[in-house]
Amino acid sequence: MGVFSISSTAVDHEAEEAAAAPQQQKDLDAGALFVLKSKGSWVHCGYHLTTSIVAPPLLSLPYAFTFLGWTAGILCLVVGALVTFYSYNLISLVLEHNAKMGRRHLRFRDIAHDILGSRWGRYYVGPIQFMVCYGAVVASTLLGGQCLKTIYLLSHPDGSMKLFEFVIIFGCLMLILAQVPSFHSLRHINMVSLLLCLAYSACATGGSIYIGSFIKELIVFTLGNSSKGPKKDYSLSGDTQDRIFGIFNAIAIIATSYGNGIIPEIQATLAPPVKGKMFKGLCICYTMIAVTFFSVAISGYWAFGSQSKGLILSNFLDNNGKALVPKWFILMTNMFTIMQLSAVGVVYLQPTNEVLERTFADPASGEFSARNVIPRLIARSLSVVAATTIAAMLPFFGDINSVIGAFGFMPLDFVLPMVFYNLTFKPSKRGLIFWVNVSIAAVFSALGVVSAVAAVRQISLDAKNYRLFANV
């Protein structure tokens, strides 16, 4: 386990933690020592948090609104932001408390092992975190390939290249980025990622407003009849059963958009003392969330209503494939998205890298010694090749990822932080905090189960369209 041993007799715990850290590096395994280096500042933490949360899945938020409508959609976005900000702060406080008590945990499974017991860490938290994170890598690779294909078809409408070829091209980019040695080494990449998420969110918002207002005004001006302009329909379609499952599917989409699953690993990159740094990083992240999530969701649903597609950028093309905004604008937006997807993919590859490093590397040898570099290169390359192969074979992986998200992001981000806090700090059962935490954990446990059922149902409905290496 990646746990620091800190003297509990010092008066100033923060100073003791900072002074003791260099000598205690030798007690760490190779995964914690090489991948989860504790050298970052709270600004770097903000970059990592933003990349892991403010990612291209936010472009699906208008689609989630098609199942919820205006009021419920905005309410779910607000509740998701408040609950996750609260949840991530709780787990950060637990991590800070344990560090102060002499046990600085660097991984999610380590804190679960300490609080819940070894079986919970090894057989529950560890596996579901791996599924969530590796699933995010596969999903990022698939979405990157789809964006590359969009760019290709705009330039060559009759082109013959298939989706799996673009997935492989994107996988080659991931293969290079995967060799970045540590999480902390990604700080500059993730700073650029923060700017990219602002860029493509602004493009998505601007494009939606342009299509929703300017084009309609142009048609009204030329034809003199507003009824011939694109109509906005905000009604909820389908029968009662479809609407109910649609609501839970939308909740799963929103929860996945806010999902993280690697808060302990991100906090592990902070140089000691860590007190208060995570909160500042979360403030950076949630400022970006406020700017991007709400603008994309509201503008996209306003422009396209119930016709909003799974990825709002798909609405920038009509049913005949004709661009509703200038082609250069679509190309630019997709390029921003592709570049940020590469950063998102490599961030969620870090837990896998940590496991591989712990398994194959030697902490007694230098980080860049031949003994460690060669196994690192081979293991990480094979990991990316496997993710790329899955993405190319299963272009419907989004449906599968919904199930993984329901079983993964819900417990990791909405349930376990509440449990950890109550077991660590033991707030009074007569107090508000205890029952707020219990209520959040209970509600989101139930939502996770129902969302998983809804996701499985969606897989069964779409199964007839599933084909390996399908060109969708």
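The rules behind the values
- Residues numbered from 1 in each chain as written.
- Predicted model: local features only at pLDDT ≥ 70, side-chain atom pairs only at ≥ 80, totals over all residues.
- Heavy atoms only, no water.
- Helix = DSSP H or I, 4+ residues; strand = E, 2+ residues; numbered from the N terminus.
- Buried < 20%, exposed > 50% of the residue type's maximum accessible area, 1.4 Å probe, protein only.
- Contact = heavy atoms within 4.5 Å.
- Phe/Tyr/Trp six-rings, centres within 6.5 Å; stacked < 30°, edge-to-face > 60°.
- Core = buried A, V, L, I, M, F, W, Y, C linked by side-chain atoms within 4.5 Å.
- Salt bridge = Lys/Arg side-chain N within 4 Å of Asp/Glu carboxyl O.

Student: Hey, could you go over the overall build of the protein for me, with residue numbers and the actual values?
Tutor: Along the protein, the regular secondary structure elements total 16 helices and two strands. Buried residues in the protein amount to 53% of all 472 residues. Counting contacts in the protein only where the partners sit at least 6 residues apart, residues at least 24 apart contribute 82% of the total.

Student: So what about the packing of aromatic side chains? Which residues, and what values?
Tutor: A complete count under the given rule lists 19 aromatic pairs for this structure. Seen from their ring centres, Phe108 and Phe420 are 6.2 Å apart, and the 55° between their planes marks the pair as tilted. Taken together, the residues span a long stretch of sequence, with Phe108 in helix α5 (residues 108–115) and Phe420 in helix α15 (residues 397–425) at a distance of 312 residues. Judged by relative accessible area, Phe108 falls into the buried class, the value being 1%. Between the aromatic rings of Phe130 and Tyr134, the centroid separation amounts to 5.5 Å while the plane-to-plane angle is 5°, which identifies the pairing as stacked. Of this pair, Phe130 and Tyr134 both sit in helix α6 (residues 118–155), four residues apart, which is roughly one turn of the helix. Residue Tyr134 is classed as buried on the basis of its relative accessible area, which comes to 13%. By the ring-pair criterion, three or more aromatic residues cluster together here, those being Phe65, Trp70, Tyr234 and Tyr301.

Student: Account for the nonpolar core, naming residues and giving values.
Tutor: Ranked by internal contacts, the top residues of the largest apolar core, which has 117 residues, are Leu59 and Phe293. A total of 13 residues in this core trace back to one element, the largest contributor, which is α6. With residues up to four places along the chain from it excluded, the contact list for Phe293 reads Ile53, Val54, Leu58, Leu61, Leu77, Ser257 and Tyr258.

Student: Any details on the pattern of salt bridges? Residues and values, ideally.
Tutor: By the definition in use, this model includes ten salt bridges. A salt bridge links Arg109 to Glu354, with the shortest nitrogen-to-oxygen separation between them at 3.0 Å. With a gap of 245 residues between them, Arg109 in helix α5 and Glu354 in helix α13 (residues 350–360) connect regions that are remote in the sequence. As far as burial versus exposure is concerned, Arg109 and Glu354 are alike and both buried. In the salt-bridge network here, residues are joined through shared partners; they are Asp29, Arg107, Arg109, Asp110, Glu354 and Arg358.

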